[in-house]
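# Coordinates in review
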Amino acid sequence: MKPLTKLSSYTLVAGILLSALGCQQTHINFTPKAEPQLPVFDKLKGAPEIMPLNYKEWRHSEPVPITPKLDLYLFDDTLSGLNHLSLVAYSSLPMLNLDVLVQAFTEKRTWLVQQSTLACAESLSIRPSMHSLTISIDCPNSPALASELLMQFWQVDSFDELDIANVRRQLKLAKHINAYSGAEIDDVWAKKILGEQHVYNQALNDKTLADELDLDKLNQVKKQILEQSNWALLINSSLEQDKAFISALSQQFESKIASTPSTPSVINSEANTQPNLSNNLSNSPVNSPAIPLGNDNKTLFIIDAPGSVQTQVRIGYPLDANNKDIDSIQDCKLLASWLGRSFSGRLYYDLREVRGLTYGIYGRCFDNPLSRTLKFYGSTKLEHTGAFISGVLDHLTLATQTPASAVEVDALITYLTSQKMLRQANFRAVEVDTIKQLIRGGSPRQEQQAADRLAALTPEQLQQIASSVFNNTPYIVIRGDRDKIQADLKDKLPEWKIVEAMAD
């Protein structure tokens, strides 16, 4: 062997050995646990005095019947001068296979934008929820042409020109994207916090339908949702004076949507707890089987994601969705904001600002007609996993043991009151709130009662609310590299049983 070749071989071998030794010496230094720290609300020197915010009940639009099946809801004109139109299909029952219909509507939107002579067709947007599907458009003029675009999504032959094979591909691709991006954790979370047989977990992600979808099956999905839906069109109030538009609107709806026969649809024998499509679900039981309000077995579910550099964390509680009392709904939102709002929320302040364990951790109350859940969520580095989770659990316990300070409660009241007042100034937020009321019933007076209760909130009341929820053991779902974090989890959470979970 030539000397130069020998030198190259030795250098290569030496490099491999050094690399291997380096890997053996590399290890993760896991973060220790620490006592929870609370945010401080010191008054700023020289800051102006601000009067307490006072929420006032805002004027809700009364429905204006356009046809026997379509009601019009009017909202204040916006400063943009645009005409805002939103066609809403809504139902007291969940919409079965809505994810399939939304993907088809997304393809339909692309086709309509290419075909339409309206430049504002680009503003078409689709906003689904489990109980509603809203299609919106914002146009400077031609409201009748704009409303006709909205109706075209629902007409009998609306899918004839679509590439159904592409709809199938997009449905399958979404599943792979969710697994790659980590979004699959929310699917697993929904199953653990609601129970796999809950109607919400049965209504979506039909893999057989996605694999075998054709034009007939797609039209059947649309027809079923059409049959169970009530209809509303949300517009800015100035359009009501356009008699030609109102007349055209009535004709468009009757010819494109109302001509479809309407019969109550059945999702399944368990979900169909209320056969009539009443908007008031106060007497409708939550789909069973339900899971216990507390995770007494202390089971921590982990989605193994080898090679991931972060751990995604979901911690929270199922709440009693049968309790339709406005106080119960507000309690869920209070706890989510007290601990989980950004910056001045307890979790964000301690786990990010003080300890640097995360870029952000947040709380949210998910209040749906057939479920209510409280969730705290965020991501952390592998080496922070155990400390991050135990930090959240420590704050949940602390909230039950010691009342918050008066200034902390004042900050919470200000935050939530400001949020409600800002929503009144945002026409999209007003739309969303109106759609929720259409689905669930309720009245503006209830909102005012909730605002009055919030304004009178005391530290002792907040602690009592926290105790009613946080004295139960929360449910935990995480996604991370199990081999790297399992020992740390067992060290910092010795009472918890670690069980692997997998997305469908």
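Scroll up for the structure.
I will try to describe carefully the structure that is included in this document. Model, not experiment: these values are computed from the prediction.

With that out of the way, let us pick up the pattern of salt bridges. One pass over the full model with this rule turns up 25 salt bridges. Two residues, R453 and D327, come together in a salt bridge whose shortest N-O distance is 3.5 Å. Here D327 lies in helix 10 (residues 326-340) and R453 lies in helix 15 (residues 444-455), a separation of 126 residues in the sequence. Exposure remark for R453: the relative accessible area of 28% places this residue in the partly exposed category. The class of D327 is partly exposed, set by a relative accessible area of 31%. A salt bridge links R482 to E500; its shortest N-O distance comes to 3.5 Å. Placement of the pair is R482 in helix 17 (residues 482-492) and E500 in strand 12 (residues 497-500), with a sequence separation of 18 residues. Looking at E500, the relative accessible area reads 43%, which means it is partly exposed.

A few words on helix 4 (residues 164-181). With 18 residues, helix 4 extends 26 Å from end C-alpha to end C-alpha; this agrees with the ideal 26 Å at 1.5 Å per step. Two to three positions downstream of the cap, the backbone nitrogen of A165 sits 3.2 Å from a side-chain oxygen, assigning the N-cap of helix 4 to D163. Backbone geometry just downstream of helix 4 places G182 in the positive-phi region, at approximately 95°.

Helix length check: helix 14 (residues 427-440), at 14 residues, gives a terminal C-alpha distance of 20 Å against a target of 20 Å (1.5 Å per residue), a fit within 8%. Every buried residue of helix 14 is listed here: A429, V430, E431, T434, I435, L438 and I439. For helix 14, the secondary structure elements touched by its buried residues are strand 2 (70-75), strand 3 (83-90), strand 4 (125-129), strand 5 (132-139), strand 6 (230-236) and helix 13 (406-424). The distance from a side-chain oxygen at the start of helix 14 to the backbone nitrogen of R428 is 2.9 Å, and the residue carrying that oxygen is N426.

What counts, and where the lines are drawn
- Residues numbered from 1 in each chain as written.
- Predicted model: local features only at pLDDT ≥ 70, side-chain atom pairs only at ≥ 80, totals over all residues.
- Heavy atoms only, no water.
- Salt bridge = Lys/Arg side-chain N within 4 Å of Asp/Glu carboxyl O.
- Helix = DSSP H or I, 4+ residues; strand = E, 2+ residues; numbered from the N terminus.
- Buried < 20%, exposed > 50% of the residue type's maximum accessible area, 1.4 Å probe, protein only.
- Expected span 1.5 Å × (residues − 1).
- Polar contact = N/O pair within 3.5 Å; in protein donor to acceptor, adjacent residues only side chain to side chain.
- Contact = heavy atoms within 4.5 Å.

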